[in-house]
Amino acid sequence: MEEKYMRRALELAKLGIGAVNPNPLVGAVIVKDGKIIGEGYHKAYGGSHAEVNAFNNAVENVRNAHMYVTLEPCSHYGKTPPCAKAIVEKGIKKVTISMMDPNPLVSGKGIEILKNNGIEVELGLLEEESRKLNEIFIKYITTKEPFCIMKTASTLDGKIATITGDSKWVTNEKSREYVHYIRHRLSAIMVGADTVIKDNPSLTTRLKDIKGRNPVRIITDSSARIPLDSKVFKEKGRTIIATTEKASKDKLNSIKELGGEIIITPLKEDRVDLNFLMKKLGEEKIDSVLLEGGGTLNYSALRAGIVDKVMTFIAPKIIGGALAKTSVAGEGIEFMKDAINLKDINITRFDDDILIEGYLE
């Protein structure tokens, strides 16, 4: 029975996807006499937390009730007062928490407040599910760097485009819509200059059922080569050009006049220093990046060690071509024993397409 209530809290937490970054996704359920009397979730960054919303939505007095919450209640004053203090004041009898908050400002302190005030605390119910839901928050709050997902789409024989460069479309409509859902969930999308020059993408979110959030657009462009009439400068939202000292000051000034932002990184092997860039993005409160680059950028990202997760869509098509591009290019790895391995593999079907997800070891 307890699992049922925590699963409900997890489902509520998911309703905040795309609206709370860089805060965590949190859901809360209040149960009294065997029935749910209040529910809430963290709806928006800077807004009330899940516990407070559950109290506000309660249909009867919550004193002596049992609260289920997916993340340890906060213990510090931030944009909102501490939730642990509110739980004590409301007279909750028991709190079941799925996972401890990895935020050093909280970690264990919220639980301590509850216990010191005579509230029974249970920790660890569906913890694995909660950690998966908040994998972005966990990485960001503990390292101050974004969680990075490398997304690729290829044919059965590993090609991302034909020998002429034609790539529309490798995958089916369902797969492409799911990619827009991922864009909605993550804070930023990153591509290389060649992708912008060749495809002139908008890098926006387009979803049928919900109003998607456009991610921050990040273009790695060591010499600021992308055209000033590129679509990325015409769409709403932020566009960041990550460049180097090789870029012309006049071109950078023109980009700024179009509303673009500039991050200048050191040169690393004559390219943008991706490790430096990720630190700067973290300082900008960008907690997650969807890497949708070509083979060169993908290889550089893997070499730099910035990739946390890989999502590869595979379409049941074969196009061949020794010169047809693949999702990871660069110099390549010499020996199979040195291959980059993935763990915790998950496989999902989108009609005939297959999505393989895994985490870097």
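Being a predicted model, the structure only gives us computed values, none of them experimental.

Caption draft 1: Representation of the pairing of strand S10 (residues 261–264) in the model. Sheet topology places strand S9 (residues 239–243) next to S10; four bridges connect them, and they run parallel. Paired with Ile241 across the strands is Ile262, a residue of S10. Considered for its hand, the β-α-β crossover made up of S9, helix H9 (residues 249–257) and S10 is right-handed.

Caption draft 2: Highlighting the environment of Leu71. Here Leu71 is to be found in strand S3 (residues 66–71). A relative accessible area of 4% places Leu71 in the buried class. Each C-alpha atom, one on Leu71 and one on Ile17, is 15 Å from the other, the two residues being 54 residues apart in sequence. Ignoring sequence-local partners within four residues, the contact set of Leu71 consists of Pro24, Val26, Glu51, Ile97, Met99, Met100, Asp101, Pro102 and Phe137.

Caption draft 3: Focus on helix H3 (residues 83–90). Of the positions making up H3, those classed as buried are Cys83, Ala84, Ala86 and Ile87. Summarising the axial view, the buried residues of H3 lie within an arc of 160°, below the 170-degree limit, and thus occupy one face. Buried residues along H3 sit in contact with helix H2 (50–56), S3, strand S4 (94–99) and helix H4 (109–116).

Caption draft 4: Summary view of the sheet that holds strand S1 (residues 27–32). Across the sheet, five strands lie side by side as S2-S1-S3-S4-S5; this open sheet has mixed pairing. Since the sheet does not close on itself, it has two edges, and those belong to strand S2 (35–41) and strand S5 (120–123), each with one partner. Between one strand axis and the next, the sheet turns through 15° on average, direction left out of account. As defined by bridge partners, S4 adjoins S5 across four bridges and the pair is classed as parallel. Across the sheet, residue Thr96 finds its bridge partner in S5, namely Glu122.

Caption draft 5: Quick peek at the UniProt feature "binding site: NADP(+)" (unreviewed entry) in the protein. What UniProt calls "binding site: NADP(+)" (unreviewed entry) maps, in this numbering, to Ala153, Trp169, Thr195, Asp199, Ser222, Gly294, Gly295, Thr296, Leu297, Asn298, Tyr299 and Ser300. The annotated residues occupy 148 residues of the chain and do not converge on a single region, their most distant C-alpha atoms lying 28.6 Å apart. The contacts of Ala153, once residues within four sequence positions are left out, are Lys159, Ile160, Val170, Thr171 and Phe313. For Thr195, the position within the fold is in helix H8 (residues 193–199). Ignoring anything within four residues of it in the chain, the contact list for Thr195 reads Asn200, Pro201 and Gly294.

Caption draft 6: A look at the pattern of salt bridges. Under the criterion given, the structure shown has 24 salt bridges. Ionic pairing is found between Glu145 and Lys279, a salt bridge with its closest N-O pair at 3.3 Å. Taken together, the positions of Glu145 in the loop between helix H6 (135–143) and strand S6 (147–155) and Lys279 in helix H10 (residues 274–283) put the pair 134 residues apart, joining distant regions of the chain. What you see here is one network of salt bridges that share partners, running through Glu2, Lys94, Glu120 and Glu122.

Caption draft 7: Molecular detail of the side chain of His180. Looking at the element boundaries, His180 is found in helix H7 (residues 173–185). On the basis of relative accessible area, His180 is assigned to the buried category, the value being 11%. When sequence neighbours within four positions are dropped, the list of residues in contact with His180 reads Thr204, Thr205, Arg206 and Leu207.

Caption draft 8: Structural context of the nonpolar core. Counting 26 residues, the largest nonpolar core has Ile30, Phe55, Met67, Ile87, Ile92, Val95 and Leu114 as its most contacted members. Within the residue set of this core, elements represented by two or more residues are S1, H2, S3, H3, S4, H4 and H6. With near-sequence residues (within four places) excluded, Phe55 lies in contact with Ile30, Val62, Met67, Ala86, Ile87, Lys90 and Ile92.

Caption draft 9: Expanded view of the packing of aromatic side chains. By the definition in use, this model includes four aromatic pairs. Aromatic side chains Tyr5 and Tyr68 sit 5.2 Å apart centroid to centroid with 45° between the ring planes, which places their arrangement in the tilted category. Highlighted residues: Tyr5 in helix H1 (residues 2–14) and Tyr68 in strand S3, separated in sequence by 63 residues. You can call Tyr5 buried: its relative accessible area is 6%. Since its relative accessible area comes to 3%, Tyr68 is described here as buried. For the ring pair Phe313 and Phe350, a centre distance of 5.9 Å and an interplane angle of 45° mean the geometry is tilted. Taken together, the positions of Phe313 in strand S14 (residues 309–315) and Phe350 in strand S15 (residues 342–350) put the pair 37 residues apart, joining distant regions of the chain. Looking at Phe350, the relative accessible area reads 12%, which means it is buried. An aromatic cluster is built from Tyr178, Tyr181, Phe313 and Phe350, whose rings are joined through pairwise contacts.

Conventions used here
Residues numbered from 1 in each chain as written. Predicted model: local features only at pLDDT ≥ 70, side-chain atom pairs only at ≥ 80, totals over all residues. Heavy atoms only, no water. Pairing = 2+ DSSP bridges. Helix = DSSP H or I, 4+ residues; strand = E, 2+ residues; numbered from the N terminus. Right-handed = clockwise from strand over helix to strand, strands pointing away. Buried < 20%, exposed > 50% of the residue type's maximum accessible area, 1.4 Å probe, protein only. Contact = heavy atoms within 4.5 Å. Arc of directions from axis to C-beta. Axes fitted to C-alpha atoms, helices over the stretch in contact; angles between N-to-C directions. UniProt positions renumbered as here; feature names shortened; annotations may be inferred. Salt bridge = Lys/Arg side-chain N within 4 Å of Asp/Glu carboxyl O. Core = buried A, V, L, I, M, F, W, Y, C linked by side-chain atoms within 4.5 Å. Phe/Tyr/Trp six-rings, centres within 6.5 Å; stacked < 30°, edge-to-face > 60°.

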